[in-house]
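Reading the structure
What follows is each chain in one-letter form.
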Amino acid sequence: MTSDQHLDAFLESQRKPCIPSSIFQMEHDMGTKSKNVSIIEQRHKCDNAKGLKAFFDGIKYGPKHLMIFGGVCPSITSIIAESLKEWNLVQLSFAATTPVLADKKKYPNFFRTVPSDNAVNPAVVKFLKHFHWRRVGTLTQDVQRFSEVRNDLTSELEKADIQIADTESFSNDPCLSVRKLRDNDVRIILGQFDENMAAKVFCCAFHENMYGIKYQWIIPGWYQLNWWKPIASSYCNVKNLLTAMEGYVAVDFEPLSTKEIRTISGLTPQQYEQEYNKMRGSAEYSKFHGFAYDGIWVIATTLQRAMDSLKRLGNPQTIRDFNYVNKDLGQIFLDSMNETNFFGVTGQVVFRNGERMGTIIFSQFQDKVEVKVGEYNAIADSLELINNTLRFQGVEPPKDRTIIQPQLRKISLPLYSILSALTVLGMFMSSAFLFFNIKNRNQKLIKMSSPYMNNLIILGGMLSYASIFLFGLDGSFVMPNTFETLCTVRTWILTVGYTTAFGAMFAKTWRVHAIFKNVKMKKKIIKDQKLLIIVGGMLLIDLCILICWQVVDPLRRTVEDYPLEPDPAGRDFAIQPLLEHCENSHMSIWLGIVYAYKGLLMLFGCFLAWETRNVSIPALNDSKYIGMSVYNVGIMCIIGAAVSFLTRDQPNVQFCIVALVIIFCSTITLCLVFVPKLITLRTNPDAATQNRRLQFTQNQKKEDSKTSTSVTSVNQANTSRLEGFQTDNHRLRMKITELDKELEEVTMQLQDTPEKTQYIKQNHIQELNNILSIRNFTDGKDSDKPLMKNQHDSRSQVPWGTTLEPSRTNKDVIEDINSPEHIQRRLSLQLPILHHAYLPSIGGVDASCASPCVSPSASPRHRHVQPSFRVMVSGL
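Throughout what follows, the structure given in this document is the object of discussion. (Residues numbered from 1 in each chain as written. Predicted model: local features only at pLDDT ≥ 70, side-chain atom pairs only at ≥ 80, totals over all residues. Heavy atoms only, no water.)

1. Some points on the packing of helix H6 (residues 120-130) against helix H7 (residues 144-159)
Any two packed helices are characterised by how steeply their axes cross, that is the angle between the axes, and by the distance between the axes. Close contact between H6 and H7 brings their axes to 9 Å; oriented N to C, the two are set at 45°. Taken as axis vectors, H6 and H7 run oblique relative to one another. Once H6 is placed against H7, the crossing between them reads as right-handed. Note on element contacts: H7 touches H6 through Val-149, Asp-152, Leu-153, Glu-156 and Leu-157, opposite Asn-121, Val-124, Val-125 and Leu-128. For the contact of H6 with H7, the class distribution of residues is six nonpolar, one polar and two charged. (Axes fitted to C-alpha atoms, helices over the stretch in contact; angles between N-to-C directions. Helix = DSSP H or I, 4+ residues; strand = E, 2+ residues; numbered from the N terminus. Parallel < 35°, antiparallel > 145°, perpendicular 65-115°, else oblique. Left-handed = near helix turned anticlockwise from the far one by under 90°. Contact = heavy atoms within 4.5 Å. Nonpolar A, V, L, I, M, F, W, Y, C, P; charged D, E, K, R; others polar.)

Have a look at this one:
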């Protein structure tokens, strides 16, 4: 029997029930793929028992079958295909696309000319790679057919190193699954569902706003033409559905090749299609007719190669000798089928492990029509896109995720420049104050304010200024390793600078408080060395804390992620703010230690400043300004620390606040300490020297030359009086010293030369009145008229211009002035005032003495005064 006779016998064997005798009648019976299943179910209801009985009837009662052609219903086809190995038969299907049949261990003798549903997965992966989509999500209907495709697709995606961000499935309502995909930021959605569910899916996508320039849907392409029209109104209106559908990409195998190449039959695919439509007439179109046509040619070429193989091997057998137990011929048929390779109307027909390596087409939904935009050649594993046909709704393909652009929140360069300029000015000012303090260190005004402590205040201010430069350096200026070093350096500099400046102010304030609050009224000397020890102790505590911090838990560079922010320009990506911090494992503990120590020190400093707020002592000429500085530093540090903590996610605001607090505190402190000294030295350079000479004794001057401070205790009861009258007291005491000798001479003249009474009266009465006024002034008594004037006016004295009888006038005056009672009264009033007001200031009579008569330093000429005329004088 010739090959043609064998082929005729094969075709004749296909004229059995359920297997059409011609390609056109077969397509007429099967219709479309979905329609196919329903027709078979109407005939055989896809009943496994009936299908299996028909197969066994054909084997038992029919002629010998060389091969089986057909099989559409997946359940029946799989049962038959699994048993073919025992009959040494080969089955070729043209419409069974179920992925289950791709298992060659279970179905080794099964082939098909139509690509499997899984055949689209390599094409989808290639399409994803072409647009650099590395992150996708899947949405699958809970049907075995779609689940199998999804499982295979998952495997292909993992091989291609494409991330599956989310896998969702649904049975009836897809909206919840669509919402989850949106929440997981899935931009590329691979769908596996039928056309009825497709309408629901796109309606849900419209409501969830999952369409447009940010999203790309890829779904099966085997839906009927205009599939959305009859079901659109059931779930949402047509306009919304079309809006969500616009731009989706459908993937399916190619039913007929578009290449104008002659096939094995001698016809081009276009010519074949014309013949098919002509013979089909009014019958319903089926997309599987080309695969059935190529299937006939596959069987013919397989039998031809089998006969050639038998001749080449010298085997006397022919294909007519085939039977169901002839394994050798069965294996020859199987090998010949695997060698199939020709160009048919559906493209190149090649099998790989029994699977058709066909062509996959990509179509895009554009303006209510699916337009072919490319195809994938499974044999060459190549994707070819048609130029200018694929249209995305944006200017570029959608991103496979919300592109997160890391953006380091950094210090604004203009802000850093402005604050750095202010800091430089502050450091220049500090340098000028330091030069002034060193140059004028021998000036008594500067000596009285402890120049060494002033230098410490300036040094602390300059260190605080320097820390601003380091706080403004972040990842935009330095490398990460350098940033970690800066974390430690700036912490040390600011801590030491703060302690140096504030510690010096604290020590000076403490000295004022110690002197002012000296309730025992004892002479108290507090030297600068003691103040330096106080500041050194504070620095030692700081160094201990910082060293332990650095050794046990050093500061590290950490980067904190903040919530995503949309792009200000509206582009399709989000901004991921990043912020650098200097942190460690136990940051809160270390900060708590530092804040507790500094806080207690600051509170105590504020307390001392409040206690000494009313003190104004020339020897401590800047105590009031130091107290003001302590207030400012305390308040600003509390405010700055709180605001800085609240704005830690805003580096520009935080840096601005920290820098301004440091600049303000340092500048105010330095200005309050040094500007008054500058003004005083410029306007009245001798003021300090004069005050110094009047206030301190010789012993105190010697101590000042050794740069120490000695201050006599102040009586709290007379503090308010001293504040108001100290300047006048200094001036009047100088006057007392000048008039002392002259007053004594006047007193002697009043006793020895009565003739000169009128002269003395006219020339010295005003000086005596002044002295008595001094006494009244120092005792705090207000008197509108001097005592001497009252004594003089108590007599019946005529005006200076009146002419009196000389004898009468002189006699009366002499008797009045030289009477013993008046002399004793004048001396008892004048001498105690002079000695008690003047001698204590030069180390003479103690102010607490009740009478000059009992003082060991009293003048001998005054000892005749009777004790009954003693006058009590309060100590100054």
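Resuming the write-up.
2. Digging into the sheet that holds strand E6 (residues 188-192)
Strand order across the open sheet formed by eight strands is E5-E4-E6-E7-E8-E12-E13-E14, with mixed pairing between neighbours. Where the open sheet ends on each side, the last strands, each with one partner, are strand E5 (163-170) and strand E14 (382-385). For this sheet, the mean angle separating the axes of adjacent strands, direction not counted, is 25°. In the sheet, strand E7 (residues 216-220) pairs with strand E8 (residues 249-253) via three bridges, with the strands oriented parallel. (Pairing = 2+ DSSP bridges.)

3. Considerations on the state of the cysteines
Overall, the coordinates contain three disulfides when judged by the stated rule. Bridging Cys-175 to Cys-204, the disulfide has an S-S length of 1.9 Å. Every disulfide takes its handedness from the sign of the S-S torsion; for Cys-175 and Cys-204 that torsion is -65°, giving left-handed. On the criterion of sequence distance, the pair formed by Cys-175 in helix H8 (residues 175-183) and Cys-204 in helix H9 (residues 195-207) is long-range, its members being 29 residues apart. Its relative accessible area of 22% is what places Cys-175 among the partly exposed residues. Looking at Cys-204, the relative accessible area reads 4%, which means it is buried. The cysteine Cys-544 is free of any disulfide, with Cys-548 supplying the nearest cysteine sulfur at 6.5 Å. (Disulfide = S-S within 2.5 Å. Buried < 20%, exposed > 50% of the residue type's maximum accessible area, 1.4 Å probe, protein only.)

4. Quick look at the pairing of E8
Of all five residues making up E8, five are buried, and the element is well covered by its neighbours. What you see with E8 is no split at all: Val-249, Val-251 and Phe-253 on one side and Ala-250 and Asp-252 on the other are buried throughout. With five bridges joining them, E8 and strand E12 (residues 359-366) adopt antiparallel strand pairing. Following the sheet pairing, Phe-253 is matched in E12 by Ile-360.

5. A short note on empty space enclosed by the protein
In this structure the tally under the stated criterion is 11 cavities of 30 Å³ or more. In this structure, the largest cavity spans a volume of roughly 190 Å³. Contributing to the lining of the largest cavity are 19 residues, with Asp-117, Val-120, Gln-192, Pro-220 and Val-251 lying nearest its centre. Counting only elements with at least two residues in the lining of the largest cavity, the list comes to H6, H7, E6, E7 and E8. If one sorts the elements of the lining of the largest cavity by residue count, H7 sits on top with four residues. Of the residues belonging to the lining of the largest cavity, the class tally is 12 nonpolar, four polar and three charged. (1 Å grid on protein atoms, 1.4 Å probe; cavity = no way out; pocket = protein on both sides within 12 Å on 5 of 7 lines; lining within 4 Å. Points joined across faces, edges and corners; volume = space filled by probe spheres on them.)

6. Structural notes on the sheet that holds strand E1 (residues 67-69)
One open sheet holds the three strands; their spatial order is E1-E2-E3, and the pairing between them is parallel. With partners counted over all chains shown, the strands left at the sheet margins are E1 and strand E3 (110-112), one partner each. Put simply, the sheet's adjacent strands are angled 20° from each other on average, direction ignored. Judged from the three bridges that link them, strand E2 (residues 90-93) and E3 form a sheet pairing that is parallel. From the neighbouring strand, Ser-93 faces E3, where its bridge partner is Arg-112. Seen against the sheet, helix H13 (residues 289-313) touches E1 and E2 and runs at an angle of roughly 170° to E1.

7. Remarks on the packing of aromatic side chains
Enumeration over the complete set of coordinates arrives at 35 aromatic pairs. When the centroid spacing of 5.6 Å and the interplanar angle of 35° are considered together, the rings of Tyr-416 and Phe-477 count as tilted. Placement of the pair is Tyr-416 in helix H15 (residues 413-439) and Phe-477 in the loop between helix H17 (451-471) and helix H18 (480-516), with a sequence separation of 61 residues. Judged by its relative accessible area of 36%, Phe-477 is partly exposed. The residue whose ring lies beneath Arg-145 is Trp-222, and the NZ or CZ to ring-centre distance is 4.3 Å. Geometry around Tyr-562 places Arg-409 over its ring, the cationic atom sitting 5.2 Å from the centre. (Phe/Tyr/Trp six-rings, centres within 6.5 Å; stacked < 30°, edge-to-face > 60°. Lys NZ or Arg CZ within 6 Å of the ring centre and 35° of its normal.)

8. Let's talk about helix H22 (residues 651-683)
Residues spaced three or four apart along an α-helix point in a common direction, a consequence of the helix completing one turn every 3.6 residues. Over its 33 residues, H22 runs 46 Å from end to end, which matches the ideal 48 Å to within 8%, given 1.5 Å per residue. Along H22, the sharpest kink reaches roughly 30°, centred on Leu-672 and followed within four residues by the proline Pro-676. (Expected span 1.5 Å × (residues − 1). Bend = angle between axes of the 7 residues up to and from the residue.)

9. What about helix H5 (residues 74-87)?
Along its 14 residues, H5 runs 20 Å from first to last C-alpha, staying within 8% of the 20 Å computed at 1.5 Å per residue. Among the residues of H5, Ile-76, Thr-77, Ser-78, Ile-80, Ala-81, Ser-83, Leu-84 and Trp-87 are the ones counted as buried. The inward-facing, buried residues of H5 contact helix H4 (48-61), E1, E2 and E3. Looking one or two residues beyond H5, the residue adopting positive phi is Asn-88, at roughly 60°.

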